[in-house]
Every structure is written in structure tokens, then in C-alpha cells.
Amino acid sequence: MKIAFFSSEVFPYAKTGGLADVSGALPKKLAEKGCEVKIFMPFYKNIQPEEVNEDFGILRPIRNLEVIFIRNDSYFLRDSLYGDSRGDYSDNMERFSFFCRKCFDVLKRINFSPQIFHTNDWQTALVNIYLKILYKNDTFFKEAKSILTIHNLAYQGIFPKDKFSVLGIDWQYFSLHYLEFYGKVNLLKGGIVFADMVSTVSPTYARQIQTPAFGCGLEGVLQQKGDRLVGILNGVDYTIWDPSKDNFIYKKYSVESLEDKSFNKEKFQKEVGLEVDRDKFLVGMVSRLAEQKGIDILVKALDRILEHSQIVILGTGDEKYHKILERKVAEHSPRKFSLHLKFDEALAHKIYASCDAFLMPSRFEPCGLSQLISYKYGTIPIVHHTGGLVDTVKDYDEGGGGFVFSKYHEDELAKAVERARLVFNKKEEWQRILKEVMGYDFSWSRTTDEYIKLYQKCLSLL
Ligand code: ADP
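What comes next is a walk through the structure. (Residues numbered from 1 in each chain as written. Predicted model: local features only at pLDDT ≥ 70, side-chain atom pairs only at ≥ 80, totals over all residues. Heavy atoms only, no water.)

1. Looking at the pattern of salt bridges
Enumeration according to the criterion identifies 39 salt bridges in this entry. Across the pair Arg60 and Glu50 runs a salt bridge, and its minimum N-O distance is 3.7 Å. Of this pair, Arg60 sits in the loop between strand E4 (56-59) and strand E5 (65-70) while Glu50 sits in the loop between strand E2 (36-42) and strand E3 (51-52), placing them 10 residues apart in sequence. Of the charged contacts in the structure, one is a salt bridge between Arg419 and Asp395, with a shortest N-O distance of 2.8 Å. Of this pair, Arg419 sits in helix H14 (residues 410-424) while Asp395 sits in the loop between helix H13 (387-392) and strand E20 (403-405), and the two are 24 residues apart along the sequence. (Salt bridge = Lys/Arg side-chain N within 4 Å of Asp/Glu carboxyl O. Helix = DSSP H or I, 4+ residues; strand = E, 2+ residues; numbered from the N terminus.)

The structure is reproduced here in C-alpha cells:
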């Protein structure tokens, strides 16, 4: 099967969140299973292709897979992917519409005629739109079908109406049935309307986004997709996330050498200035600092959690939360609370390896990868019961390997952490859970087969 995969971020070339992890892993697995895959992404700063011309560059990491970097130095050679401290770049619509248009030219230039166009989130949703509008009668793309995967419905690519002409499509598509959304242009909406199939990253989130509480105004459009909307749970790339092979952590370990997990914990406590004590319950969080991630209730629960536990947070995002967390740090001893407001891949690995538990109090969560990564490192997730967290974390009291709270409230979060800490104090029981969760299998293999089935279903559509 010939697949073109479009993403604004792909690990290891560019990453701000889970989208990069998925875009780094799924195409690789598809290629390993015999599909012919080309990934398209922008040519950002610090990427070094093997071949490059003035329009695009190419890398060939493994057999059957090419990564094609679309070049436009004035659009993509910037310090960040989507914006700076002042907010989103004001020309994001120009940047990503350029990208999407250019991908079609490059496909022709390299003479690759995909059967499946697989796009991801609003940044590449225009590919679904262009395929059905601009290339409808183009014989080169005649057989192609398109799939849009929604990694987070909260980001829709909404722009002012007066920018519509940037897209290069007829004004008839600025209507309620297509891209118009409360008087503005909504690229994700257009992608949903024009895609042959839409997927999202967990079955629960697929159901939730069809309701007003989670649909962000698009619940109606999503309901209309009917059985053309599916939820496929993300996997984890265990070639990157595995404590027995991880070069970022202090000492590699596995289920047979859990003593070495404690070694990691003590080294880490020392490095970041926490009190060095393996019997202190150490709770970690690695997250974008956004409304979605539950920082508001975490801040309110923090004082209570810190009475008996240590916390480390690695995150970056909303300035508002940077300030709130900085104020909280000033109120507490650095021996208990360690805060790192940055994006740091190496530190993230150390946190997964060194902590006893991992916090995900998300208000909503399309899938969540951190809880799955945590399992592999024997770090027990404490999560809010929502989205992909429902599909992946079962509460300890129901025989599962995590701690779950149902009501989105700081008291419930603090109680869940305390419940976890009390089990942590029963050393043998805690070791039993660690061993159990380290054996869970959330590898990409199964997920990739589900995507292949989805592609086949899509190809059989009229
Ligand atoms: P989302 O995509 O909503 O940000 P996910 O849980 O799906 O959340 O994926 C988050 C990914 O980004 C994980 O791999 C996590 O380790 C990583 N990550 C998030 N924030 C940081 C950070 N500040 N530094 C390093 N890695 C981070």
C-alpha cells in the first residue's frame, strides 16, 4: 500500500507533544510491515536532510520510508514551530496552506501517487480539503482516499474570514457546510468534512467529541461522520521508551533489576536538589502547561500533596501557568518541590525512570502517552477519568495498575495521590504493581494493524 503521511511535527526531527511521537512511530511501523510510506513535514531549523534542493529535502531512515521536508525558509526557519512568547505566529495560515499545497507538487515531482493521504490535526487538514477540491479531477491522484486523525480537538486552526482567500479555493466553501465556523475559517472543520474517514486517538475520546462537553463546537460535524469516525488507541515506541535500553537515565533497569530504579531515584533527587530519600513518595509530571492538563487543580492540591510527598514538574507552555507554578515553588522548600519550565527530552526520560508515580490530572485527554510511557518505567500513573486515560488506566481498587479519580476537583486529586502513597508504603505490594505494569503491552504493532485495516476500509469506500 502506498501512503503519504502529513504531520507538522515528527520525532526526532521536531516535537512539541504527542503528535510527534505518533508521527515518528506509526509510519516507521507501517514501512516495516511492507507499506511504502512518505512522511511530509516542514523543513524547520536544525534538520539535516541527506539531499536538499530549494523546494524540499529528503531523508531515508529505513527501507520503504522517506521523510520529505517541505522548504520555505521565511516560513519555517524559525525558533519555534507554531509561535513565540507573544502567541501564535500571525502567518500560520499562510505557512500551513503553503505547506499543504506544496506537498501535492512534490508528490508529482517525485512521481509518487499515494492510495492513502493520512493527515494529522489542523495544520495538515488542508490536504484533505485540497484533494477533494483542487485535485478532484487530477488523474495522478484519482484513486486516492484521505484520512484525518484528530490528536486534539481543542486546536482547530481558526482564522479571520478576510484570510480565506489565502487558501486559494472558491468562496462557495466559506459556508456552514464546509469551512465556515461562527464567521471565521476553521481548517480542522474543513478537514473533517472532506476526509473520507476521520480517526482520533482513543475509543473513549471518539465518543466524547461527539458531545457538547468535549466537541469544542464540532460535535455536530463529527456526529455526521457516523461510522466514518473511529477511535484507535495510540501506542508507545519501545525502541525509544524502555528503561533497559535508555541512554538518558542514570542506570538502565528492567523488571529483574528494580533495585536500579531506586538507584535512579536517589541520583535524580540529588541532581535536582530534592531530599535524597528512597522512602519518600516521589511524584512526577512531564507536560505541556496548558489548560487541558489539569494544572489548575494541581496547583490547588499542591500544598496537601507536599505534606507527605515530593513533586517534580517538567513543563512549558502557557505563561499564566509558568507564573502560578513559580509562585508555588517560592512557597515551598526546594527539598520537596522541583520545577523545570522548559522542554527537555533527557530530563523527561529521567523523570519517567526516577519517580514512583506520574501525575495526569487532565481535564480532557485525547489519548495521553505519558501514562503508557510511565508503565514501561514502573512508574504508576495517577489520572483523571477522561478520554484515553479511561481506556488505558484501571484503578488499583479494581485490580488495575493506576490510581484514578472521577470528579475533576483538587480534593479528588489529592485523595488519589494519598491513596497511592499509602500503597507505596507497603513495599511488597508496590513492587508487585510495578512488575505488573512494566509487563503491559502498548506497542505500536497492534495499533499499526488497526490503521492498516482502516486504510483498507477507506479504499473500499465508493
Ligand atoms: P500532548 O500531546 O497533549 O502534549 P501526550 O501525553 O500525548 O500529550 O504526549 C506528550 C509527549 O510530550 C510525551 O512524550 C512527553 O514526555 C513529552 N513532553 C511534554 N512536555 C515535555 C517537556 N517539557 N519536556 C520534554 N518532553 C515533554
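Let us keep going from here.
2. Some words on the sheet that holds strand E1 (residues 2-6)
The mixed open sheet is built from nine strands, whose spatial order is E3-E4-E5-E2-E1-E8-E9-E13-E14. Bordering the open sheet on either side are E3 and strand E14 (229-231), each of which pairs with just one other strand. Helix H1 (residues 18-32) contacts E1, E2, E5 and strand E8 (116-120) of the sheet and is inclined by roughly 155° relative to E2. Across the sheet, helix H3 (residues 92-109) lies against E1, E2, E4, E5 and E8, angled at about 145° from E2, the strand it touches most. (Pairing = 2+ DSSP bridges. Contact = heavy atoms within 4.5 Å. Axes fitted to C-alpha atoms, helices over the stretch in contact; angles between N-to-C directions.)

3. Points about the nonpolar core
If you look at the biggest cluster of nonpolar residues, it comprises 89 residues, and the most contacted ones within it are Phe40, Tyr44, Phe117, Leu167, Ile169, Leu179 and Ile192. Ignoring any residue separated from it by four or fewer positions in sequence, one finds Tyr44 in contact with Ser8, Ala14, Phe76, Leu77, Leu81, Tyr82, Arg95 and Phe96. By size, the runner-up hydrophobic cluster in this structure holds 71 residues, among which are Ile249, Val286, Leu302 and Val423. (Core = buried A, V, L, I, M, F, W, Y, C linked by side-chain atoms within 4.5 Å. Buried < 20%, exposed > 50% of the residue type's maximum accessible area, 1.4 Å probe, protein only.)

4. Structural notes on the state of the cysteines
Tallied over the entire structure, the rule returns zero disulfides. The thiol of Cys35 is not disulfide-bonded; the next cysteine sulfur, from Cys458, is found 14 Å away. A relative accessible area of 5% means that Cys35 is categorised as buried. (Disulfide = S-S within 2.5 Å.)

5. Some remarks on the packing of helix H9 (residues 295-308) against helix H10 (residues 319-331)
Orientation of H9 relative to H10, taken along the N-to-C sense of each, is 5°, at an axis distance of 11 Å. Taken as axis vectors, H9 and H10 run roughly parallel relative to one another. Residue-level inspection shows Ile295, Asp296, Val299, Leu302 and Asp303 of H9 in contact with H10, the latter providing Tyr321, Ile324, Leu325, Lys328 and Glu331. For the contact of H9 with H10, the per-class residue count stands at six nonpolar, no polar and four charged. (Parallel < 35°, antiparallel > 145°, perpendicular 65-115°, else oblique. Nonpolar A, V, L, I, M, F, W, Y, C, P; charged D, E, K, R; others polar.)

6. Points about the sheet that holds strand E12 (residues 184-186)
An order of E10-E12-E11 is seen for the three strands of this open sheet, with the pairing classed as antiparallel. The strands lining the two open edges of the sheet, one partner per strand, are strand E10 (158-159) and strand E11 (180-181). As paired strands, E11 and E12 are joined by two bridges and run antiparallel to one another. Within E12, the residue paired with Glu180 across the bridge is Val185. Helix H5 (residues 187-194) contacts E10, E11 and E12 of the sheet and is inclined by roughly 50° relative to E12.

7. Digging into the environment of Asp21
Looking at the secondary structure, you find Asp21 in helix H1. Residue Asp21 is classed as buried on the basis of its relative accessible area of 16%. Placed 219 residues apart in sequence, Asp21 and Ile240 show a C-alpha to C-alpha distance of 9.8 Å. Ignoring sequence-local partners within four residues, the contact set of Asp21 consists of Phe11, Lys15, Trp241 and Leu369. A distance of 3.0 Å separates the side chain of Asp21 from the side chain of Lys15, its partner in a polar contact. (Polar contact = N/O pair within 3.5 Å; in protein donor to acceptor, adjacent residues only side chain to side chain.)

8. Description of the packing of helix H8 (residues 259-272) against helix H11 (residues 345-354)
The relative placement of two packed helices is expressed as an angle between their axes plus a distance between the axes. Look at H8 against H11: their axes get within 8 Å of each other, and the N-to-C directions meet at 130°. Between H8 and H11, the angle falls in the class oblique. In this structure, H8 crosses over H11, and the sense of that crossing is left-handed. Residues Lys261, Asn264, Lys265, Phe268 and Glu271 of H8 form the contact with H11, whose own contacting residues are Leu347, Lys350, Ile351, Tyr352, Ala353 and Ser354. Grouping the constituent residues of the contact of H8 with H11 by class yields five nonpolar, two polar and four charged. (Left-handed = near helix turned anticlockwise from the far one by under 90°.)

9. Comments concerning H11
Burial of H11 is extensive: nine of the 10 residues sit out of reach of the surface. Along H11, the residues classified as buried are Glu345, Leu347, Ala348, His349, Lys350, Ile351, Tyr352, Ala353 and Ser354. Looking at the buried residues of H11, the elements they touch are H8, strand E15 (281-289), strand E16 (309-317), strand E17 (337-340), strand E18 (357-360) and helix H12 (370-376). Capping the start of H11 is the job of one residue whose side-chain oxygen sits 3.1 Å from the backbone nitrogen of Ala346: Asp344.

Remember that the coordinates give geometry; whether it matters functionally is a separate question.
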